[in-house]
Every structure is written in C-alpha cells, then in structure tokens.
Amino acid sequence: FRGLSNMVHACALMRYRDTNFLTVVCDGLPVKAEEFSPQGMANIAYALAMLRFKHAAVLEAFCETASAKLHAFKSQELSMLLYSCGVLRLRHDAFLEEACSRIPQRFVEFSEQGVANIVYALGLLRFAHRP
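Parameters and conventions
Residues numbered from 1 in each chain as written. Predicted model: local features only at pLDDT ≥ 70, side-chain atom pairs only at ≥ 80, totals over all residues. Heavy atoms only, no water. Core = buried A, V, L, I, M, F, W, Y, C linked by side-chain atoms within 4.5 Å. Buried < 20%, exposed > 50% of the residue type's maximum accessible area, 1.4 Å probe, protein only. Helix = DSSP H or I, 4+ residues; strand = E, 2+ residues; numbered from the N terminus. Contact = heavy atoms within 4.5 Å. Axes fitted to C-alpha atoms, helices over the stretch in contact; angles between N-to-C directions. Left-handed = near helix turned anticlockwise from the far one by under 90°. Nonpolar A, V, L, I, M, F, W, Y, C, P; charged D, E, K, R; others polar. Expected span 1.5 Å × (residues − 1).

(A) Representation of the nonpolar core. Ranked by internal contacts, the top residues of the largest apolar core, which has 42 residues, are L48, F62, L78, L82 and F95. Residue assignment for this core shows that the elements contributing at least two residues are α1 (2-13), α2 (19-27), α3 (38-50), α4 (56-68), α5 (75-87), α6 (93-102) and α7 (112-124). Not counting residues up to four positions away in its chain, the partners in contact with L48 are V8, C26, F53, V58 and L88.

(B) Local environment of the packing of α4 against α6. Axis separation between α4 and α6 bottoms out at 9 Å; the angle between their running directions is 35°. The chirality of how α4 crosses α6 is left-handed. Counted together, C63, A66 and S67 of α4 and A94, F95 and E98 of α6 form the full contact between these two elements. Considering only residue class, the contact of α4 with α6 consists of four nonpolar, one polar and one charged.

(C) Spatial organisation of α3. Helix length check: α3 (13 residues) gives 18 Å between terminal C-alpha atoms against 18 Å at 1.5 Å per residue, within 8%. Summarising burial for α3: ten of the 13 residues are buried, a large majority. Residues of α3 that are buried: P38, G40, M41, A42, N43, I44, A45, A47, L48 and A49. Buried residues along α3 sit against α1, α2, α4 and α5.

(D) The side chain of H55, seen in detail. By the element assignment, H55 lies in the loop between α3 and α4. Residues within four places of H55 in sequence aside, it is in contact with T23, C26 and D27.

(E) Main features of the environment of L59. Relative to the helices and strands, L59 is located in helix α4. You can call L59 buried: its relative accessible area is 0%. Filtering out sequence-adjacent residues up to four positions away, L59 remains in contact with A45, L88 and L90.

Shape descriptors only; they carry no functional weight alone.
Set out below in structure tokens:
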C-alpha cells in the first residue's frame, strides 16, 4: 500500500485533482484501512486535504482504524491526520476524543508545526476536548 499512498501524495504535490481518478482510488480504500500503516493513512489523508477532495468514507475508516492504534502513530502522522480532518471538515468525535486524551502525555514529541496543525484542525471542527 506504500505505492498507493505515495501515488496519491504525488498527485497532491503536482496539484493533480482529477476527481474521477481520486474517486476510483478512494472507493476501494475504506475496506483496506486496517492494512495501511499510520504513515500511509496520514499521507493519503494529507494529500486529499491538499487537493481539497473530501471522501468521507476513507477519512472515517482511517479515523476508526487510527483510534484503535494511536500508540503506533508518530506525532507527525497523528497531527497530519487531524489536520486533514479539519481541512476537509470531517468530524469524527470518537477519534478526536481518543487523540485529544493521548496528546498531553506525548506533547513533547510534537513539533511547533504539529501543535499548530492540531489546534487549527480542532478549531475548524469546533471541537473542544473536556478531560
């Protein structure tokens, strides 16, 4: 799946937004979400956000999968997935709650940009975590 995530990311870098192509690619991803690495999920979600292409089923599947294995996500991968959800306005409350409950223990792992991306995403989604 690394090749697929790299291909979608390359499309985003080239600003290649062919909605027919992206729809075909994305339609098959939700059932395979658990097979993607955290980096693969983060790269695809970020690429979709860069292209402003919202495929809710993909993002929801990634959020479900990520919620169950947040411990495997590096700080950058987590901030990219949160940022992507924010930019594409996909609010998955269970994922947001789980991520926000774990971020404080890992705060030192996040770069300034990562923290800014998370705050920006939560603001776009109008989400406030209440511990």
